[in-house]
Amino acid sequence: MSVHATADSSFDAADLQALTDTVRRFALERVRPQLDAWEAAGEIPRDLYRDAADLGLLGLGYPEHLGGTPAPWRARNALSQTLARHGTSGGLMASLFSLNIGLPPVLAHGSPELQAEVVPPVLRGERIAALGITEPGGGSDVAALRTTARREGDDFVIDGEKVFITSGMRCDWLTLAVRTEVEPPHSAASRVAAPHGGSVALGRPGGDRSANKGASGISMLVVPMDRPGISRSALHKMGWHCSDTAHLRFDGVRVPVRYRLGEEGAGFRMVMGNFNGERLAMSAMALGFAQACYDEAVDWARQRQTFGAALIERQAIRHKLMDMRMRIESTQAWVDAVTARADAGDQGPDWVSHVCLLKNHATQTMQFCADAAVQILGGMGFMRGTASERIYREVKVMMIGGGAEEIMKELAARQSGL
């Protein structure tokens, strides 16, 4: 989940237990029995959004006056981790909660009128919100994006393309990064890529990393996706099969100026400010997926008989399980520590550095546990229908999305003053 506009620290241990119990039941009763069918269909049903909304899951962490429930990071991350562990599907998480990368810029920079129009129907599960940053050939370099929005009277006219857009085939609202100024010449060597779209100027650690020429011309718009001139093409992926992913094209799409977020040209900072919450949420999700692999491996090892004894009786298997548990426990401790700092309001450069490294550590834990679980399950681990097989295919998108490992290391180093 991403950074939301409000965080209430009133959640106590009983509240958290009630939340995780609700999420676990939702996963086991509503998700798991239908997951294989959704994977085959390539999408989750729209009524699942309403079901999640009725339980308060979509509104967790959002302002009460917009229909949400203010919540601290520890509650939001508990939701992410629990649903990942018991739902066992990254595609489910990506689609059902695409609002958590699409709506935060609206909360932080949208007018009260725009917030009232966009946010409540999404939190009720009636509309789907998504984020449009990445472009064909652009990868992680947001400052080089080419989608344009020129001003014509009271409208912006949008032309360009976006790719790898989660919920892109069905979203009703898209928070879109566009170029409202022509980019002046600048040296590609003057910046390093920042995750999932963004760039960081190579300069002194304390400098303004977003002040390069390309970044200064970016703005953010909220686009109603029923506008003429929008076309959508479905993309097919290694994993996240039940999450619709799209290539979007904009051909003279007109959007009223009132749908702009904040000031014109201020979009780069909005994009960068959206990533830290996404990375923290992905860390909690990766931890949950690692736990799912451990759970399945333990169950299989207890049931599977080989050479007259259960697999769990083999020392090599027990040691492999303990290697998994060791990584899970260390990741849990780090997630808890970074989450506690966020809830205490400590979100400075050192915290950002920890979030970047935690995201790497958590996804590496997921990778290790998925690989170990498939090995323990043997031939069954290669079969569709097991959680470990699905999670094994989804490892790489978790290690790349939100910021690839190499970019995370560089950003962490620079946030640490190195």
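Residues numbered from 1 in each chain as written. Predicted model: local features only at pLDDT ≥ 70, side-chain atom pairs only at ≥ 80, totals over all residues. Heavy atoms only, no water.

*Asks:* What is the right way to look at the overall build of the protein in this model?
*Replies:* A tally of helices and strands in the protein yields 13 helices and 12 strands. Relative to its full complement of 418 residues, the protein shows a buried share of 56%. A separation of at least 24 residues holds for 80% of the contacts in the protein among residues at least 6 apart in sequence. (Helix = DSSP H or I, 4+ residues; strand = E, 2+ residues; numbered from the N terminus. Buried < 20%, exposed > 50% of the residue type's maximum accessible area, 1.4 Å probe, protein only. Contact = heavy atoms within 4.5 Å.)

*Asks:* Looking at this model, I keep getting lost on the environment of Gln-367. Mind explaining?
*Replies:* Relative to the elements of secondary structure, Gln-367 occurs in helix H11 (residues 349–377). Along the primary structure Gln-367 and Val-395 are separated by 28 residues, whereas in three dimensions their C-alpha atoms are 5.8 Å apart. Setting aside residues no more than four positions away along its own chain, Gln-367 makes contact with Val-395, Lys-396 and Met-399.

*Asks:* Hey, could you run me through the pairing of strand E2 (residues 148–152) in this one?
*Replies:* Within a regular strand, the side chains alternate between the two sheet faces. By the bridge criterion, five bridges tie E2 to strand E3 (residues 155–166) in an arrangement that is antiparallel. Paired with Thr-148 across the bridge in E3 is Asp-159. Hairpin connection between E2 and E3: a loop of two residues separates the two successive antiparallel strands, and Gly-153 in this loop has a positive phi of roughly 65 degrees. (Pairing = 2+ DSSP bridges.)

*Asks:* How should I be thinking about the nonpolar core in this particular structure?
*Replies:* It is characteristic of soluble globular proteins that their nonpolar side chains tend to be buried jointly. Counting 123 residues, the largest nonpolar core has Leu-96, Ile-158, Leu-174 and Met-324 as its most contacted members. Looking at this core, the element that brings in the most residues is helix H9 (residues 267–303), giving 18 residues. Apart from the residues lying within four places of it in its own chain, the contact partners of Met-324 are Cys-293, Tyr-294, Ala-297, Phe-368, Cys-369, Ala-372, Ala-373 and Ile-376. (Core = buried A, V, L, I, M, F, W, Y, C linked by side-chain atoms within 4.5 Å.)

*Asks:* What am I meant to see in the packing of aromatic side chains here?
*Replies:* Applying the stated criterion to the full structure yields one aromatic pair. Looking at Arg-76, its charged tip hangs above the ring of Trp-73, at a distance of 4.5 Å from the centre. (Phe/Tyr/Trp six-rings, centres within 6.5 Å; stacked < 30°, edge-to-face > 60°. Lys NZ or Arg CZ within 6 Å of the ring centre and 35° of its normal.)

*Asks:* Help me understand the side chain of His-241, please; the structure alone is not making it clear to me.
*Replies:* Mapped onto the secondary structure, His-241 falls in the loop between strand E8 (230–234) and strand E9 (245–256). There is a polar contact of 3.0 Å between the side chain of His-241 and the backbone oxygen of Lys-237. In contact with His-241, other than residues within four places in its own chain, are Glu-39, Gly-42, Glu-43, Arg-384 and Arg-393. (Polar contact = N/O pair within 3.5 Å; in protein donor to acceptor, adjacent residues only side chain to side chain.)

*Asks:* Any chance you could explain the confidence of the model for the protein here in plain terms?
*Replies:* Overall, the prediction assigns the protein a mean pLDDT of 90, with 89% of residues at 70 or greater. Overall, residues 1–6 carries pLDDT values under 50, and its contacts beyond four positions in sequence, including any with other chains, amount to 37 contacts. Confidence drops under pLDDT 50 across residues 183–212; counting only partners more than four residues distant or on other chains, this segment forms 85 contacts. (pLDDT = per-residue confidence, 0-100.)

*Asks:* Could you clarify how one ought to interpret helix H8 (residues 112–123) in this entry?
*Replies:* Every α-helical turn comprises 3.6 residues, leaving residues that sit three or four positions apart pointing alike. Relative to the 16 Å expected for 12 residues at 1.5 Å per residue, H8 spans 16 Å between its end C-alpha atoms, a close match to the ideal helical length. Residues Leu-114, Gln-115, Val-118, Val-119, Pro-120, Pro-121, Val-122 and Leu-123 constitute the buried set of H8. Two residues or fewer past H8, Gly-125 is found with a positive phi of approximately 80 degrees. (Expected span 1.5 Å × (residues − 1).)

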